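# Overview (structure and organization)
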Amino acid sequence: MTNQLSLAGKPVSPPVVLAPMAGITNLPFRKLCREQGAGIYVCEMITTVALTERNPKTMRLIEFDPDEETRSLQLYGVDPEGVRKAVRMVVEEDLADHVDLNFGCPVPKVTRRGGGSALPWKRRLFREIVTAAVDTAAERGIPVTVKMRKGIDDDHLTYREAGLIAQDAGVAWVALHGRTAAERYSGTADWDAIADLKDLLDVPVLGNGDVWEADDAVRMAAQTGCDGVVVGRGCLGRPWLFGDLEAAFSGRETRLMPSLGEVAKVMLRHAQLLVEWIAGAESYEARRNIDAEEHGCREFRKHVAWYLKGFPVGGELRRELAMVSTLNELEDLLGKLDADAPFPVSTIGKPRGRTNSPGKVSLPDGWLDDRDDRTVPVGAEIDSSGG
């Protein structure tokens, strides 16, 4: 790692960024992670249309804790003017301190509209979007960063040219996930591409992909020379990974391996934070006629398998935990776990979260024909945010 990573003049130490994950990186999860270690913690992906139309769910997703020093918001948009309008709203209403642009999402419903990891192929459109965001955000000194993949597939790589375009537009850094859109979340991330981009650009380059442990992050930095790391699936069910990352980048060998009883305490706190957050949205939840505790526990269910990965927990108890509806029920079930069960070392360094097979990327008709066509596809924008 060659330089001290900074954002808007403030050091980012350790040089770690929590990747936006739909349905995951809401305010409660970010809070849980921030309690473990420092870094930049990005909210869920926010679509420009949903933001400017003040979609109620989206307005909830852009809420930040008072003690979040850097309010980091990721924007998705395909229309330069829509991106400009959304960033202007961020500027005028002081909604965030950092804007990250999403050019990395490989999900078919995104790429078939020309968005996410499909968009950098259209280099003029890409340039206009990034420039619109950077120029507008500069009015209040808000840094803009870019997160992207290597390209659409191995025959349509874009990361080098897109990195240079983003740098020329004035971004604060470029983060590269070492996979193509076609690879999705399969195989092994290409760290050589991260090193290649680091050699090419003058702005900081962050690496993303296969950081399952803190030692992976340090190894990525040493191997690629990247200025920081972006952590996604590796922290699922393990918010304490950020404590490990802080220790690792400080040269300390301490690594957290909590017992099942300690994990159970984190699980209960996570669910409580979700319920408190949802209960705070009284007008929104009242309109939807949803009980805050039930809703919060339902949101928590997706995390159960990640927290319990590798621990000796019977199938029936796992199923019951994955169906909880109240905090009392959750607490009672957690009390049935073997609190003394040690952390399963067999899971160390193993993938977490979604994995899948490579596949053909869904694209708009004729998307690959003309790289300089700056036409925004019809129906390109998405009117909802997050998961």
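Worth saying up front: this structure is predicted, and the values here are computed from it rather than measured. (Residues numbered from 1 in each chain as written. Predicted model: local features only at pLDDT ≥ 70, side-chain atom pairs only at ≥ 80, totals over all residues. Heavy atoms only, no water.)

### Some thoughts on helix α11 (residues 260-279)
The end-to-end C-alpha separation of α11 is 29 Å, in line with the 28 Å expected for 20 residues at 1.5 Å each. Extensive coverage of α11 is indicated by the burial of 14 of its 20 residues. (Helix = DSSP H or I, 4+ residues; strand = E, 2+ residues; numbered from the N terminus. Expected span 1.5 Å × (residues − 1). Buried < 20%, exposed > 50% of the residue type's maximum accessible area, 1.4 Å probe, protein only.)

### Notes on the domain arrangement of the chain
Bring the parts together and some accessible area is lost; that lost area is often taken as the interface size. For the chain, the assigned domains are domain 1 (11-250) and domain 2 (260-344). When each unit is reduced to the centre of its C-alpha atoms, the spacing between domain 1 and domain 2 is 28 Å. Counting residues at the interface gives 19 residues for domain 1, matched by 18 residues for domain 2. A combined buried area of about 1600 Å² lies between domain 1 and domain 2, and 71% of that area is made up of carbon and sulfur atoms. Summed over the shared surface of domain 1 and domain 2, the result is one salt bridge. Applying the counting rule to domain 1 against domain 2 returns three residue pairs in polar contact (both at pLDDT 80 or more). Among the elements that line the side of domain 1 that touches domain 2, the one with the most residues is helix α1 (residues 27-34), at five residues. Residue composition of the side of domain 1 that touches domain 2, by class: ten nonpolar, three polar and six charged. (Domains from an automatic or database assignment. Contact = heavy atoms within 4.5 Å. Buried area = accessible area lost by both parts, 1.4 Å probe. Salt bridge = Lys/Arg side-chain N within 4 Å of Asp/Glu carboxyl O. Polar contact = N/O pair within 3.5 Å; in protein donor to acceptor, adjacent residues only side chain to side chain. Nonpolar A, V, L, I, M, F, W, Y, C, P; charged D, E, K, R; others polar.)

### Examining the pattern of salt bridges
All told, the structure shown has 29 salt bridges when counted by the stated rule. Between arginine 30 and glutamate 68 there is a salt bridge; the shortest N-O distance is 3.1 Å. You can see arginine 30 sitting in helix α1 and its partner glutamate 68 sitting in the loop between α3 (56-61) and β5 (72-76), a full 38 residues away along the chain. Under the relative-accessibility criterion, arginine 30 is labelled buried at 0%.

### Examining the sheet that holds strand β6 (residues 98-103)
Ordered by their spatial adjacency, eight strands build a closed barrel running β3-β4-β5-β6-β7-β8-β9-β10, and the pairing between neighbours is parallel. Averaged over all pairs of adjacent strands, the angle between strand axes in this sheet comes to 25°, irrespective of strand direction. Packing of helix α10 (residues 241-249) onto the sheet brings it into contact with β3 (16-18), β4 (40-47) and β10 (228-231), and relative to β3 it is tilted by some 165°. (Pairing = 2+ DSSP bridges. Axes fitted to C-alpha atoms, helices over the stretch in contact; angles between N-to-C directions.)

### Looking at the packing of aromatic side chains
The full count for this structure, using the stated rule, is five aromatic pairs. One Lys or Arg, arginine 149, reaches over the ring of tyrosine 185 and ends 4.9 Å from the middle of that ring. A cation sits over an aromatic face here: arginine 371 above tryptophan 121, 4.3 Å from the ring centre. (Phe/Tyr/Trp six-rings, centres within 6.5 Å; stacked < 30°, edge-to-face > 60°. Lys NZ or Arg CZ within 6 Å of the ring centre and 35° of its normal.)

### What to know about the UniProt feature "active site" (unreviewed entry) in the chain
Cross-referencing UniProt, the feature "active site" (unreviewed entry) maps to Cys105 in the present numbering. Among the secondary structure elements, cysteine 105 is positioned in the loop between β6 and α5 (108-111). (UniProt positions renumbered as here; feature names shortened; annotations may be inferred.)

### Structural notes on the confidence of the model for the chain
On average, residues of the chain score 94 in pLDDT, and 96% of them are at 70 or above. Counted against residues more than four places away or in other chains, residues 283-287, with its pLDDT under 50, gives seven contacts. (pLDDT = per-residue confidence, 0-100.)

### Considerations on the side chain of threonine 58
Position of threonine 58 relative to the elements: it lies in helix α3. Apart from residues no more than four positions distant in its own chain, threonine 58 is found in contact with Ile46, Ala50, Leu51 and Ser385.

### What about the packing of α1 against α11?
What describes two packed helices is the angle between their axes and the distance between those same axes. Two numbers describe how α1 lies on α11: the axes approach to 8 Å, and their chain directions differ by 140°. It follows from the interaxial angle that α1 and α11 lie oblique. Helix-helix and strand crossings are classified by hand; for α1 and α11 the assignment is right-handed. Along the contact surface, α1 presents Leu27, Pro28, Phe29, Lys31 and Leu32, while α11 presents Val266, Arg269, His270, Leu273, Leu274 and Trp277. Broken down by class, the residue content of the contact of α1 with α11 amounts to eight nonpolar, one polar and two charged. (Parallel < 35°, antiparallel > 145°, perpendicular 65-115°, else oblique. Left-handed = near helix turned anticlockwise from the far one by under 90°.)

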